[in-house]
Amino acid sequence: MNYRTIHTTYGLQCMAQAESTGVPINLTHMGVGDGNGNDVTPVESLTQLAREMYREKPNRVYQPDADQPTLYAAELVVPKSVSGFVMREIALFDADGGMFLVGNLPATYKPHESEGAYSDAVVRVLFMVSNAAIVTIQ
């Protein structure tokens, strides 16, 4: 299986609108899900995760390469208290709750404390935008 992150139709529309109006996209939350028990394939038409298990503000959003100003990385910490499922999908959402991008993850079990091995998990996605000026991160 190939793992990737893509812009949704909604995300592409947001970028086009931000380019034409000058009003930036405000990316506010990330989510992870378990794919409803199945591997997932990201497609542009998605509007939500198959089964979202956790959503929170990103821990960090940054530009990992100064030579590529339109490349961003978003990082989410899934705390140890959110557990007992397999992470298979990830998404980034804007301030209106719209899914800006979606990706699939290698199936990664997030054990529960009672299983004897547990920890926070960090997931990251890389994504590009058409113009760095059209995105704000809160």
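Note that this is a predicted model, so its numbers are computed, not measured.

Scanning the chain from terminus to terminus reveals one helix and nine strands. Reading the chain from its N terminus to its C terminus gives the helix and strand order β-α-β-β-β-β-β-β-β-β. Scaling as 2.2 N^0.38, a compact globule of 138 residues should have a C-alpha radius of gyration of about 14 Å, and the chain matches this with 15 Å. Overall, the C-alpha framework of the chain stretches about 50 × 30 × 25 Å when taken along its three principal axes. Here the chain holds 138 residues, and the buried ones make up 42% of them. Within the chain, contacts between residues at least 6 apart in sequence are counted, and of these 73% link residues at least 24 apart. A total accessible area of about 7300 Å² is found for the chain, and carbon and sulfur atoms account for 47% of it. Side chains of the chain give 9 positive and 15 negative charges; the mean places of these two sets differ by 5 Å.

All right, on to the pattern of salt bridges then. The tally for this structure, following the rule as stated, stands at five salt bridges. Where R88 meets D39, a salt bridge forms, and the shortest distance between an N and an O atom there is 3.7 Å. Pair noted here: R88 is in strand β6 (residues 85-94) and D39 is in the loop between β2 (25-33) and β3 (52-56), with a separation of 49 residues, a long-range link. Here R60 ties to E75 by a salt bridge, and the two come within 3.5 Å at their closest N and O atoms. In this pair, R60 sits in strand β4 (residues 60-62) while E75 sits in strand β5 (residues 71-78), placing the two residues 15 residues apart along the sequence. Ionic contacts of the salt-bridge type, sharing partners, join the residues R60, E75 and R124 into one network.

Next up on the list: the pairing of strand β7 (residues 99-110). Pairing geometry for strand β1 (residues 5-7) and β7, over three bridges, is antiparallel. The residue bridging T5 from the neighbouring strand is G103, located in β7. In this sheet, β7 lies alongside β6 in antiparallel orientation, the contact comprising eight bridges. Along β7, the bridge assignment pairs L92 with L101. Taken together, β6 and the strand that follows it, β7, pair antiparallel across an intervening segment of four residues, in which G97 is found at a positive phi of about 85°.

Conventions used here
Residues numbered from 1 in each chain as written. Predicted model: local features only at pLDDT ≥ 70, side-chain atom pairs only at ≥ 80, totals over all residues. Heavy atoms only, no water. Helix = DSSP H or I, 4+ residues; strand = E, 2+ residues; numbered from the N terminus. Rg over C-alpha atoms; globule rule 2.2 N^0.38 Å. Buried < 20%, exposed > 50% of the residue type's maximum accessible area, 1.4 Å probe, protein only. Contact = heavy atoms within 4.5 Å. Areas by Shrake-Rupley, 256 points an atom, 1.4 Å probe, with all protein chains shown as cover. Lys, Arg positive; Asp, Glu negative; His and termini not counted. Charge placed at Lys NZ, Arg CZ, Asp CG, Glu CD. Salt bridge = Lys/Arg side-chain N within 4 Å of Asp/Glu carboxyl O. Pairing = 2+ DSSP bridges.

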